[in-house]
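Residues per chain, in single letters:
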Amino acid sequence: MTVEVRPASKFEDVRALLGPKSPQANVCWCLSYRIPSKLNRELRGPARGEYVAGLLRSGAPLGVLAYEDGEPVGWAAVAPRADTSFARNRKIPHVDDLPVWSLWCIRVRPGHRGKGLSHALIAGAVAYARAQGAPAVEAYPLDNGDARVDLTMAYPGLRKNFERAGFTHAADTTSVLSGHPRVLMRLDLR
């Protein structure tokens, strides 16, 4: 197995990871934390994918994709926090005024899980943020201990995976997802 993680740049590859099976479906496309909630509610069906395609064309940092033997198999959303709803989120605190990047979604395609791809995605997202000049990367994973997590709701990642990648606990949050508290983890890149 050869895995390569690189910045998301091809719409077809992003669609393979984030797009719906049916073009009319209203799936997230990893936009819910990226755009204002009003716009997120207004974008329906194919308009969501078209919005993502426009972001790619603009050169906005979206995230990274993991490729296994050339096939897109994983996704991690990473962008400047100032460009996300985390800049205004009342449940997830700001530790300081550092212009950090946020890493908020990790997705591995079924059939490719259990191979360590989430670890590769975290490392790839950090490398991408570092290359763009980020002073630090924050994540908001579930603090689930040893409890099982529904894979659908594990998209923010798990605390232990971020600890393994060198992130440290920076703050507690009041955010809870699927019955598990979320914590703010940070990796200083300076």
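Thresholds, definitions, all that
- Residues numbered from 1 in each chain as written.
- Predicted model: local features only at pLDDT ≥ 70, side-chain atom pairs only at ≥ 80, totals over all residues.
- Heavy atoms only, no water.
- Phe/Tyr/Trp six-rings, centres within 6.5 Å; stacked < 30°, edge-to-face > 60°.
- Helix = DSSP H or I, 4+ residues; strand = E, 2+ residues; numbered from the N terminus.
- Buried < 20%, exposed > 50% of the residue type's maximum accessible area, 1.4 Å probe, protein only.
- Lys NZ or Arg CZ within 6 Å of the ring centre and 35° of its normal.
- Core = buried A, V, L, I, M, F, W, Y, C linked by side-chain atoms within 4.5 Å.
- Pairing = 2+ DSSP bridges.
- Axes fitted to C-alpha atoms, helices over the stretch in contact; angles between N-to-C directions.
- Contact = heavy atoms within 4.5 Å.

Caption draft 1: Inspection of the packing of aromatic side chains at higher detail. Taken as a whole, this structure holds seven aromatic pairs when the rule is applied. Centre to centre, the rings of Trp101 and Tyr128 are 5.9 Å apart; their planes meet at 85°, and the pair counts as edge-to-face. With Trp101 in strand 4 (residues 101-108) and Tyr128 in helix 4 (residues 117-131), this residue pair connects regions lying 27 residues apart in the sequence. Tyr128 shares its class with Trp101; the two are buried. Over the ring of Tyr67 we find Arg6; its NZ or CZ atom is 3.7 Å from the centre of that ring.

Caption draft 2: Structural detail: the nonpolar core. Within the largest apolar cluster, 26 residues are counted, with the highest numbers of intra-cluster contacts made by Val14, Leu18, Cys30, Leu31, Leu65, Trp75 and Trp104. In this structure, Ala76, Phe167, Met185 and Leu189 belong to the second largest nonpolar core, which totals 25 residues.

Caption draft 3: The arrangement of the sheet that holds strand 1 (residues 3-7) in detail. Judged by pairing direction, the sheet is mixed, and its seven strands sit side by side in the order 1-2-3-4-5-7-6 without closing on themselves. The open sheet has two free edges, formed respectively by strand 1 and strand 6 (168-177), since each of these has just one partner strand. On average, each strand axis in the sheet is inclined to that of its neighbour by 25°, with strand direction left out of account. Note: strand 3 (residues 71-80) against strand 4, seven bridges, orientation antiparallel. Bridging from a neighbouring strand, Val78 pairs with Leu103 of strand 4. Set on the sheet, helix 1 (residues 11-18) makes contact with strand 2 (63-68), strand 3 and strand 4; between it and strand 3 the angle comes to about 95°. Contacts from helix 4 reach strand 1, strand 2, strand 3, strand 4, strand 5 (136-139) and strand 7 (180-188) within the one sheet, and its direction differs from that of strand 4 by about 150°.

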